[in-house]
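# Remarks on the overall topology
Residue-level listing of the chains:
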Amino acid sequence: MIIVGLTGSIGMGKTTTAKMFKAAGAAVFDADAAVHELYAKGGAAVPILRAGVPEAIIDGTVDRKKLSAALAKDPLLYGVLESFIHPLVAKMRAAALENARAEGKRVFVNDIPLLFETGGEAHVDVVVVAHASAKLQRERVLARPNMSAAKFKAILARQMPSAQKLKRANYGVNTGKGLAFARERVQFIMDELTKT
């Protein structure tokens, strides 16, 4: 099985690209979706966050808006949060990988936003970066609910620039050229990875 690390900065179309890989026959693990599950009612992160950031827990779930506000006030919380969230996500990823192996999948895609930033490229066989122009990225991100220019800037500050990611990747998927173009590129990558 070939393990792919799919990454891309905020607003670059990574989630859409992941769906295209899934449609092309790959097993896909979405780290963001895993975090949502951990933050939901009964999720493993809820009691841990309740102890450290009690104001972020509303009705037994993590309120991402309140957590975001707490992180903005105290950026050191990012490290604390990541120190327990990353191992929980890794456990979920390992289970998904085993399921994919059992299903006979040839390609397993790890959808990881901060792949390079966390050293995750050391744990994959191939890296794919979803990318688009900075102008399109900005338009996409600022169109999201609860997003501001200041929040976007803060998120970008924690992410490696897209050009650097592309230099370190095996493949790029330009999502700025339309869905058909991106879908063809994903299929090309899948064909390359499964041709042996």
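Right, let's walk through the structure included here.

## Here we look at the sheet that holds strand β5 (residues 107–111)
In spatial order, the strands read β2-β5-β1-β6-β7; together these five strands make up an open sheet with parallel pairing. What marks the edges here is a single partner per strand, and that holds for β2 (27–30) and β7 (171–174). For this sheet, the mean inter-axis angle between neighbouring strands, taken without regard to orientation, is 25°. Pairing between β2 and β5: four bridges, direction parallel. Bridging across to β5, A27 finds its partner in F108. Those strands touched by helix α1 (residues 14–23) are β1 (2–7), β2, β5, β6 (126–131) and β7, and its axis lies near 155° from that of β1.

## Considerations on the nonpolar core
With 34 residues, the main nonpolar core has Y39, L49, L67, L81, I85 and V89 as its most contacted residues. Considering each element in turn, this core owes the most residues, seven residues, to helix α5 (residues 77–102). With sequence-adjacent residues up to four places away left out, Y39 is seen in contact with A45, V46, L49, T61, V62, R64, L67, L81 and I85. In terms of nonpolar packing, the next biggest core, distinct from the first, is built from 17 residues, A18, Y171, V173 and I189 among them.

What counts and how
- Residues numbered from 1 in each chain as written.
- Predicted model: local features only at pLDDT ≥ 70, side-chain atom pairs only at ≥ 80, totals over all residues.
- Heavy atoms only, no water.
- Pairing = 2+ DSSP bridges.
- Helix = DSSP H or I, 4+ residues; strand = E, 2+ residues; numbered from the N terminus.
- Axes fitted to C-alpha atoms, helices over the stretch in contact; angles between N-to-C directions.
- Contact = heavy atoms within 4.5 Å.
- Core = buried A, V, L, I, M, F, W, Y, C linked by side-chain atoms within 4.5 Å.
- Buried < 20%, exposed > 50% of the residue type's maximum accessible area, 1.4 Å probe, protein only.

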